[in-house]
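Summary of the model geometry
If you want the building blocks of each chain, they are given just below.
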Amino acid sequence: MTSRPAPHLTSRLSSRLTSRLTSRRRLAAWLLAGLGMVTALVVVTGCAAVRSGTPVASDQDSATGPTAAFYGDSYTLGTGASGPAKRWSTIVSAERGWNEVNPSVNGLGFVNKRDSRPGPDLVDQVISANPDIVMVTMGLNDNFSMPDRAADIRAAIADDLTRLHEALPDARLIVVEPFWYTDARPSSVERIIGWVRDAAAQVGASYIPGASHWIEGHPEWMAGDGLHPNDDGYRALAERMDAELAKLGL
């Protein structure tokens with residue numbers, strides 16, 4: 001990937017760019033949440049911690065572009081990577097000079113783990129950051145609540161995207177097809193993908209397809225837990241995301 005300046009998004013983004021030039025089967029669900037949290041301790045040890053609603057500093061101290069907020073689960077938090085700088089969101093942000101805000105949470109879904117975690121909901125945290133760009137990478141963990149909570153999941157997807165769109169009308173809202181972590185795909189994967197895609201269209205968000213296949217067929221890209229990408233896997237995700245963002249003019 002090659003570095004390039006952030007493009008003109010809207011008139012609001014242009015003025016903010018100027019001012020800133022100076023300044024992710026139940027057992028599997030348990031494993032993703034439990035092992036993910038253990039791995040996350042390694043991810044933040046000795047590196048910049050992930051703090052809700054604040055730009056992540058890893059390799060971005062001189063970022064002068066727009067603020068990009070990432071609403072996701074362990075695959076966007078970077079669980080399995082050797083450090084925050086190796087996760088795809090930070091690689092992409094560093095390449096573009098974006099100021100990264102990444103409050104993503106292990107095991108989180110549109111309905112999964114939403115009522116059990118303390119503090120503000122992630123949607124509220126993203127809105128509070130007042131970002132210029134919002135990337136939504138949610139849905140993987142909701143597969144573990146299917147089909148029992150299908151109606152709740154579909155409604156929550158629409159609700160989250162509507163909240164983001166209405167609260168941040170000038171932000172560029174980008175919705176990514178939910179990631180998936182094994183070559184085997186339960187039928188719920190495609191159902192949730194369809195709901196996410198439809199909800200994105202309903203609010204006029206940009207949509208990036210295909211992400212559930214991006215690490216398919218590459219066991220060498222998985223970390224030791226067998227659930228999350230390793231550094232090479234996150235680099236591969238970053239490269240694919242970079243190409244898709246370029247298609248969107250970013």
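Residues numbered from 1 in each chain as written. Predicted model: local features only at pLDDT ≥ 70, side-chain atom pairs only at ≥ 80, totals over all residues. Heavy atoms only, no water.

**Considering the overall build of the protein chain**
In terms of regular secondary structure, the protein chain is built from 8 helices and 5 strands. For the protein chain, the succession of helices and strands along the chain, N to C, is α-α-β-α-α-β-α-β-α-β-α-β-α. Residues classed as buried in the protein chain amount to 56% of the 250 residues present. Accessible surface for the protein chain amounts to roughly 10400 Å². Of this, 54% is attributable to carbon and sulfur atoms. (Helix = DSSP H or I, 4+ residues; strand = E, 2+ residues; numbered from the N terminus. Buried < 20%, exposed > 50% of the residue type's maximum accessible area, 1.4 Å probe, protein only. Areas by Shrake-Rupley, 256 points an atom, 1.4 Å probe, with all protein chains shown as cover.)

**Overview of the sheet that holds strand β1 (residues 67-72)**
By way of backbone hydrogen bonds, the strands of a sheet pair with one another, either parallel or antiparallel. Taking strand neighbours across the sheet as the criterion, the 5 strands line up as β2-β1-β3-β4-β5 in an open arrangement whose pairing is parallel. Taken across any chain shown, the strands that pair with only one partner, and hence form the sheet edges, are β2 (99-101) and β5 (206-208). Taken pair by pair, the neighbouring strands of this sheet meet at an average axis angle of 20°, ignoring direction. Relative to strand β4 (residues 172-176), strand β3 (residues 133-137) is paired through 4 bridges, and the arrangement is parallel. Paired with I133 across the two strands is R172, which belongs to β4. Where helix α6 (residues 150-167) meets the sheet, its contacts fall on β1, β3 and β4, and the angle it forms with β4 comes to roughly 160°. (Pairing = 2+ DSSP bridges. Axes fitted to C-alpha atoms, helices over the stretch in contact; angles between N-to-C directions. Contact = heavy atoms within 4.5 Å.)

**Section: the pattern of salt bridges**
Using the criterion set out here, one finds 9 salt bridges in the structure. For the salt bridge of R163 with D124, the shortest nitrogen-to-oxygen distance reads 2.6 Å. Residue R163 is located in helix α6, and its partner D124 is located in helix α5 (residues 122-128); the two are separated by 39 residues in the primary sequence. In this structure, R185 and E190 form a salt bridge, with 2.5 Å as the shortest nitrogen-oxygen distance. Overall, the relative accessible area of 23% leaves R185 in the partly exposed class. A relative accessible area of 45% means that E190 is categorised as partly exposed. (Salt bridge = Lys/Arg side-chain N within 4 Å of Asp/Glu carboxyl O.)

**Comments concerning the packing of aromatic side chains**
This model, assessed by the stated rule, comprises 8 aromatic pairs. Look at Y71 and F110: their rings are 6.4 Å apart centre to centre, the planes differ by 90°, and that puts the pair in the edge-to-face class. You can see Y71 sitting in strand β1 and its partner F110 sitting in the loop between β2 and α5, a full 39 residues away along the chain. Of the residues examined, F110 reaches a relative accessible area of 4% and is grouped as buried. Through pairs of rings, three or more aromatic residues link up here, namely F70, Y75, W88, F179 and W214. When the ring centre of W98 is taken as origin, the NZ or CZ atom of R96, which lies over that ring, is 5.6 Å away. (Phe/Tyr/Trp six-rings, centres within 6.5 Å; stacked < 30°, edge-to-face > 60°. Lys NZ or Arg CZ within 6 Å of the ring centre and 35° of its normal.)

**Quick look at the pairing of β3**
The buried fraction of β3 is high, at 5 of 5 residues. Along β3, one buried face is formed by I133, M135 and T137 and the opposite face, lined by V134 and V136, is buried too. Sheet topology note: the β1/β3 ladder contains 5 bridges and is parallel. Residue pairing for β3: A68 is matched across the bridge by I133.

**Concerning the environment of H213**
For H213, the location among the structural elements is in the loop between β5 and α8 (231-247). Given the relative accessible area of 37%, H213 is considered partly exposed. Separated by 35 residues in the primary sequence, H213 and P178 have C-alpha atoms spaced 9.6 Å apart. Aside from chain neighbours lying at most four places away, what touches H213 is E177 and R185.

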